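Each chain is listed here by its residues.
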Amino acid sequence: MKFQCGACGLRINSRHFKQAGLMNPQLTSICDICIQSGKEPADFANTAVAIFAQGLLYTFIGKNETTKDDEEAAFLVTKKDQRKRYEAFIQDYDGNELAQQQLKRAEFNQAIIDSETGKSDFLPRLELTFAENLEKMGLSVDFKLNEVDYIDRERIRAKYHYRCQYCGRRGRSVDHKDPVSLSHNNDLDNLILSCQECNRIKSNMPYELFVKLNSQIPQVNQKLVKYENALATLKGEFEQKRRELVAKMHLKGVVNDPELNQMRKQNKKLQDAIDSLDSDYNELRSLREQHFMTGWKLAQEKEKDDII
C-alpha cells in the first residue's frame, strides 16, 4: 500500500508513514524523509492517511481539516516526472536487503533530502540502474560480496562429492548457508554444495527456513533424484542409439533401409518415453518450488512492516 506525502508529494510505501505508539502505531501526514528534514506532521493534512488511521484505530498525527491534497504547487517536489524518479529510487531501496544492510535508512533519506532541497545537484534517473543512481547520489553499496575463489569452490565440490546437500541431485553450485547479502561471510563453514535449481530457489532465503521447508518434503526430494537418474540413463541410451544409427547409415551408404527404419522407430519410442518422464519431472520440480516460495512469502509477511 502506498500513500502520498502531504509535504513532498511522493507516493511511497505506507511504512514511511508509520511510527511506534504507546498502545497502537501512529500514522503521520508526511513521510519519514520529510520528518527527518525537520518538518512537523502536525502542520500538514493528509485525508487518505487520516481515514486509514481511523479505520485501524491508530493515532493520526496531522491536520484534521480537509485540504486539496492534489495541489501540485503545495508539494516540495512540484513536478510529477521528478516525483516519479524519487519514488522509483526509494522503492528500489525499500526492496533491496543488500542495500539496507550496508546503508542506513537515515543516510539514504538524507541523500534524498539534499537532492530535493538542491544541496545536491543530482536527481535519480529512471534509465539508470539502482547501483548507478546510488553512486551518483554519493552513496556506496557493494553488490559483489560473493568472493569465493576457484580453489575453495573446487574444495567444496569435492567435499560433498558433487551432490546437492538439499535435494540429493547432482550439483556444482557453491551456496552460502547464510546469504552473503546478509552475513557477508565467505568462510568455508558457511559454504555448502547445491544444485543450480536449489541455489536459485533459496536465493536470499535464510538457511534455517530453507532447511525447515526442505525437511517437510523428503519423499519429493527422493523422487527428484530417481527422476534425474532415470532421465540420465535414458538420454545416455538414446544418444548411443543415435550414434549407432548414424554409423549404420554411413556404412550402408543409404538413408532408407528396413534395418535403419526399425532403429528409427525404436529411437522414436525411446524419445517419447524421455519426453513423458521429463514432463512429470518438471511438474514435480514446479510443485517443489511453489512449496518453498509459499513458505518464504508467509515468513516475510510475518516480518512485514506495513501499516496493518
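Residues numbered from 1 in each chain as written. Predicted model: local features only at pLDDT ≥ 70, side-chain atom pairs only at ≥ 80, totals over all residues. Heavy atoms only, no water.

J.: With reference to specific residues and values, describe the nonpolar core.
T.: In this structure, Cys-5, Cys-31, Phe-108, Ile-112 and Leu-134 are the most contacted members of the largest nonpolar core, which totals 36 residues. Contributing elements (two or more residues each) for this core: helix H1 (32–36), helix H2 (47–56), helix H3 (80–94), helix H5 (105–117) and helix H6 (130–136). Apart from residues no more than four positions distant in its own chain, Leu-134 is found in contact with Phe-89, Leu-103, Phe-108, Leu-139, Val-141 and Phe-143. (Core = buried A, V, L, I, M, F, W, Y, C linked by side-chain atoms within 4.5 Å. Buried < 20%, exposed > 50% of the residue type's maximum accessible area, 1.4 Å probe, protein only. Helix = DSSP H or I, 4+ residues; strand = E, 2+ residues; numbered from the N terminus. Contact = heavy atoms within 4.5 Å.)

J.: Provide a residue-level description of the packing of H3 against H5, including the pertinent values.
T.: Closest axis-to-axis distance for the H3/H5 pair is 12 Å, and the angle between their directions is 170°. Our classification of the angle between H3 and H5 gives roughly antiparallel. Two secondary-structure elements touch here, H3 through Tyr-86, Phe-89, Ile-90, Tyr-93 and Asp-94 and H5 through Arg-105, Phe-108, Ile-112, Ser-115 and Glu-116. Class assignment for the residues of the contact of H3 with H5 results in six nonpolar, one polar and three charged. (Axes fitted to C-alpha atoms, helices over the stretch in contact; angles between N-to-C directions. Parallel < 35°, antiparallel > 145°, perpendicular 65-115°, else oblique. Nonpolar A, V, L, I, M, F, W, Y, C, P; charged D, E, K, R; others polar.)

J.: Quick rundown of the packing of helix H10 (residues 207–215) against helix H12 (residues 258–303)? Include the residues and the values.
T.: Interhelical geometry of H10 versus H12 gives an angle of 135° and a closest axis separation of 10 Å. Relative to H12, the element H10 is oriented oblique. Relative to H12, H10 is oriented so that their crossing is right-handed. Where H10 abuts H12, its residues Leu-209, Phe-210, Leu-213 and Asn-214 lie against Arg-288, His-291, Phe-292, Gly-295, Trp-296 and Ala-299. Tallied by class, the residues present in the contact of H10 with H12 amount to six nonpolar, three polar and one charged. (Left-handed = near helix turned anticlockwise from the far one by under 90°.)

J.: Would you mind going over the pairing of strand E6 (residues 173–176) in detail, with residue names and values included?
T.: Strand residues, when the strand is regular, have side chains that alternate between the two faces of the sheet. The alternating pattern of E6 places Ser-173 and Asp-175 and Val-174 and His-176 on opposite faces, both of which are buried. The sheet contact formed by E6 and strand E7 (residues 191–194) spans four bridges and is antiparallel. Bridging across to E7, His-176 finds its partner in Leu-191. (Pairing = 2+ DSSP bridges.)

J.: Give a description of unusual backbone geometry that names residues and reports values.
T.: Even without being glycine, Leu-57 reaches a positive phi, approximately 60°. In this structure, Leu-57 sits in the loop between H2 and strand E5 (59–61). The residue Ser-203 is not glycine, and still its phi comes out positive at about 45°. With respect to the helices, strands and loops of the structure, Ser-203 is situated in the loop between helix H9 (196–202) and H10.

J.: Please give an account of the packing of aromatic side chains that cites residues and values.
T.: Evaluated as defined, the whole model comprises eight aromatic pairs. Ring centres 5.3 Å apart and planes at 65° place the aromatic pair Phe-3 and Phe-52 in the edge-to-face group. On the criterion of sequence distance, the pair formed by Phe-3 in strand E1 (residues 2–4) and Phe-52 in helix H2 is long-range, its members being 49 residues apart. By relative accessible area, Phe-52 is classed as partly exposed at 33%. Measuring from centroid to centroid gives 5.1 Å for Phe-89 and Phe-108, while their planes differ by 35°, and the two rings are tilted. In this pair, Phe-89 sits in helix H3 while Phe-108 sits in helix H5, placing the two residues 19 residues apart along the sequence. Pair check on accessibility: Phe-89 and Phe-108 agree, each one buried. Lying over the aromatic face of Tyr-281, Arg-285 brings its terminal NZ or CZ to 5.3 Å of the ring centre. (Phe/Tyr/Trp six-rings, centres within 6.5 Å; stacked < 30°, edge-to-face > 60°. Lys NZ or Arg CZ within 6 Å of the ring centre and 35° of its normal.)

J.: Before we move on, could you go through the confidence of the model for the protein and cite the residues and values that matter?
T.: Residues of the protein with pLDDT of at least 70 account for 94%, and the chain-wide mean is 89. Mean pLDDT per element in the protein: helix H8 (residues 180–183) is the minimum at 64, and H1 is the maximum at 96. (pLDDT = per-residue confidence, 0-100.)

J.: Which residues make up the environment of Leu-76, and what are the values?
T.: Summarising the element assignment, Leu-76 is placed in the loop between E5 and H3. Measuring from C-alpha to C-alpha, the distance between Leu-76 and Lys-39 comes to 11 Å, with 37 residues separating the pair along the chain. Residue contacts for Leu-76: discarding those within four places in its chain leaves Ala-7, Cys-8, Lys-39 and Glu-116.

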